[in-house]
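What the coordinates show
Each chain is listed here by its residues.
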Amino acid sequence: MMQSGFIDAQFISFLVAITLLTISPGVDTLLVIRNTARGGIRDGITTSVAICCGLFVHATISALGISLILLQSAWAFHMLKLAGAGYLIWLGINSLLAARRGQPLPVNSVLKGAPGVSRWQPVKEGFLSNVLNPKTVVFYMAFLPQFIAQADPVLLKSLWLAGVHFIIANIWQISVALMVGSASKWLASARFAQTLNAATGAVLIMFGIRLALTQRPV
């Protein structure tokens with residue numbers, strides 16, 4: 001049974017941040033668009049679920065790393081959070097720079113059809129594209145610690161947060177798959193990409209600064 005402490009004062013902040021990060025332009029959304037255009041809505045939904053299953057792999061790896069650091073000392077855990085804060089701020093700055101450039105997403109390059117694809121192809125593509133992406137586990141190592149207290153069961157809390165991310169990401173990506181015909185137009189809009197990049201950049205920098213200033217060693 002899920003502990004009530006898993007839904008704490010930080011949970012709303014996590015929901016807001018992870019939702020913005022989920023809908024920001026990225027490889028996962030483009031892969032869902034490509035596979036939907038290639039094999040239909042079924043392939044798009046399958047790709048989305050496969051991508052999101054990879055989140056639990058990253059959450060487990062992240063939790064084991066955090067647990068090992070916690071076994072060393074609270075100071076080492078604090079250093080991890082400071083490193084994570086720097087990484088979040090760096091990602092935020094990159095997002096703001098992308099917003100300033102105002103470049104549209106390269107949607108047209110991933111909407112080319114590819115007949116003769118097997119039923120398991122979108123599963124393999126979705127799962128491996130997520131699991132083999134080192135940026136995701138690095139992001140989880142940087143992002144999750146600010147929502148995990150030292151008294152929390154790290155693995156269970158990480159998997160719980162990944163489960164929330166799983167639901168939000170699937171809602172977004174399956175919606176894209178269902179509307180891919182019209183979605184390709186606004187996803188290709190420079191204004192849409194600029195707005196999402198700016199919002200994501202601001203949130204990442206805010207959480208990075210908050211992580212650096214509020215988490216002190218004990």
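Everything numeric here is computed off the predicted structure, so don't read it as measured data. (Residues numbered from 1 in each chain as written. Predicted model: local features only at pLDDT ≥ 70, side-chain atom pairs only at ≥ 80, totals over all residues. Heavy atoms only, no water.)

**Some thoughts on the overall build of the protein chain**
- Along the protein chain, the regular secondary structure elements total nine helices and zero strands.
- Its helices and strands taken in sequence order, the protein chain reads α-α-α-α-α-α-α-α-α from the N to the C terminus.
- In the protein chain, which comprises 218 residues, the proportion classed as buried is 43%.
- Counting contacts in the protein chain only where the partners sit at least 6 residues apart, residues at least 24 apart contribute 88% of the total.
- When the accessible surface of the protein chain is totalled, it reaches about 10900 Å², and 69% of it is carbon and sulfur. (Helix = DSSP H or I, 4+ residues; strand = E, 2+ residues; numbered from the N terminus. Buried < 20%, exposed > 50% of the residue type's maximum accessible area, 1.4 Å probe, protein only. Contact = heavy atoms within 4.5 Å. Areas by Shrake-Rupley, 256 points an atom, 1.4 Å probe, with all protein chains shown as cover.)

**Things to note about the environment of Val49**
- In this fold, Val49 is placed in helix 3 (residues 41-72).
- Of the residues examined, Val49 reaches a relative accessible area of 32% and is grouped as partly exposed.
- Along the chain, Val49 and Phe166 lie 117 residues apart, while their C-alpha atoms are 8.2 Å from each other.
- When sequence neighbours within four positions are dropped, the list of residues in contact with Val49 reads Phe166 and Asn170.

**Here's the deal with the confidence of the model for the protein chain**
- For the protein chain, per-residue confidence averages 77 on the pLDDT scale, and residues scoring 70 or more make up 77% of the total.
- Confidence, expressed as mean pLDDT per element, reaches its minimum in the protein chain at helix 8 (residues 180-187) with 61 and its maximum at helix 7 (residues 154-178) with 92. (pLDDT = per-residue confidence, 0-100.)

**Description of the nonpolar core**
- One finds Phe14, Leu88, Phe139, Tyr140, Phe143, Leu144 and Leu161 to be the most contacted residues of the largest nonpolar core, which totals 30 residues.
- Going through the elements one at a time, helix 1 (11-23), helix 3, helix 4 (74-101), helix 6 (134-143), helix 7 and helix 9 (190-214) are the ones with two or more residues in this core.
- Contacts of Leu161, omitting those with residues within four sequence positions, involve Phe14, Leu144, Phe147 and Ile148. (Core = buried A, V, L, I, M, F, W, Y, C linked by side-chain atoms within 4.5 Å.)

**Looking at the packing of aromatic side chains**
- Counting across every chain of the model gives five aromatic pairs.
- A centroid spacing of 5.8 Å and a plane angle of 20° characterise the contact between Phe11 and Trp160, whose relative ring orientation is stacked. Here Phe11, found in helix 1, pairs with Trp160, found in helix 7; they are 149 residues apart in sequence, far enough to count as distant. The residues Phe11 and Trp160 share a single accessibility class, namely buried.
- Ring pairs connect the aromatic residues Phe14, Phe143 and Phe147, which therefore count as one cluster. (Phe/Tyr/Trp six-rings, centres within 6.5 Å; stacked < 30°, edge-to-face > 60°.)

**So, the pattern of salt bridges**
- Taken as a whole, this structure holds two salt bridges when the rule is applied.
- As a salt-bridge pair, Asp43 and Arg42 come within 3.5 Å of each other at their nearest N and O atoms.
- You can call Asp43 buried: its relative accessible area is 4%.
- Close ionic contact of Asp152 with Lys157 constitutes a salt bridge, the shortest N to O distance being 3.1 Å. Across this residue pair, the class does not change: Asp152 and Lys157 are buried. (Salt bridge = Lys/Arg side-chain N within 4 Å of Asp/Glu carboxyl O.)

**Some words on the environment of Gly92**
- Structurally, Gly92 is set in helix 4.
- A residue is classified by how much of its surface remains accessible, and Gly92, at 0% relative accessible area, is buried.
- Measuring from C-alpha to C-alpha, the distance between Gly92 and Gly208 comes to 8.5 Å, with 116 residues separating the pair along the chain.

**Quick notes on the packing of helix 2 (residues 27-39) against helix 7**
- Two elements in contact, helix 2 and helix 7, have axes whose closest approach is 9 Å; the angle formed by their N-to-C orientations is 35°. By crossing handedness, the relation of helix 2 to helix 7 is classed as right-handed. Across from Asp28, Thr29, Val32, Ile33 and Thr36 in helix 2, the residues of helix 7 making contact are Trp172, Gln173, Val176 and Ala177. (Axes fitted to C-alpha atoms, helices over the stretch in contact; angles between N-to-C directions. Left-handed = near helix turned anticlockwise from the far one by under 90°.)

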